[in-house]
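# A closer look at the structure
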Amino acid sequence: MQTLLYHGSKPERKDMLDRHFRQDQSGRYPVMITSYEICIIDRRHLEKFKWQYLVVDEGQRVKNRNCRLIRE
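This text gives an overview of the structure that appears in the document. The model shown is predicted, which means the values in this text are computed figures rather than measured ones. (Residues numbered from 1 in each chain as written. Predicted model: local features only at pLDDT ≥ 70, side-chain atom pairs only at ≥ 80, totals over all residues. Heavy atoms only, no water.)

A separate point is the side chain of Asp42. With respect to the element layout, Asp42 can be found in the loop between α2 (36-41) and α3 (43-46). By relative accessible area, which is 4% here, Asp42 ends up buried. Reaching out from Asp42, the side chain makes a polar contact with the side chain of Tyr6 at a distance of 2.5 Å. (Helix = DSSP H or I, 4+ residues; strand = E, 2+ residues; numbered from the N terminus. Buried < 20%, exposed > 50% of the residue type's maximum accessible area, 1.4 Å probe, protein only. Polar contact = N/O pair within 3.5 Å; in protein donor to acceptor, adjacent residues only side chain to side chain.)

Okay, here's the thing in structure tokens:
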């Protein structure tokens, strides 16, 4: 399974999206591993994809149903 650590500077992250998240013949994308903060920062770029699963290892934040990650 191909994985991608989606982290780094804004230009580095843009480059990762451009290189790894283009529609190809197989329609498969890598598993993206990133942080809560990067999800929030890059929300408008990440929401363009149809995600099948979202796993969040931020239990203390997700307990609050009004947290920004849950709203967005």
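The next subject is the side chain of Arg13. If you trace the backbone, Arg13 turns up in helix α1 (residues 10-20). Arg13 gets classed as buried once you look at its relative accessible area, which sits at 6%. Setting aside residues no more than four positions away along its own chain, Arg13 makes contact with Tyr6, His7, Gly8, Ile38, Ile41 and Asp42. (Contact = heavy atoms within 4.5 Å.)

A surface patch of nonpolar side chains, amounting to about 460 Å² of accessible area, comprises Met1, Leu5, Val31 and Ile33. In this fold, Ile33 is placed in strand β2 (residues 31-33). Classification of Ile33 by relative accessible area gives partly exposed; the value is 45%. (Patch = residues over 30% accessible without salt bridge, like charges linked within 9 Å, V, L, I, M, F, W, Y side chains within 5 Å. Areas by Shrake-Rupley, 256 points an atom, 1.4 Å probe, with all protein chains shown as cover. Salt bridge = Lys/Arg side-chain N within 4 Å of Asp/Glu carboxyl O.)

Take the pattern of salt bridges next. Side chains that differ in charge, positive against negative, can pair when their charged atoms come close. Considering all chains together, one arrives at four salt bridges under this definition. The salt bridge partner of Arg13 is Asp42, with a shortest N-O separation of 2.7 Å. Of this pair, Arg13 sits in helix α1 while Asp42 sits in the loop between α2 and α3, and the two are 29 residues apart along the sequence. Between Asp18 and Lys14 there is a salt bridge; the shortest N-O distance is 2.9 Å. A residue pair is termed a helical-turn pair when its members lie 3 or 4 positions apart in one helix, as Asp18 and Lys14 do in helix α1 at four residues. Using a relative accessible area of 38% as the deciding quantity, one classes Asp18 as partly exposed.

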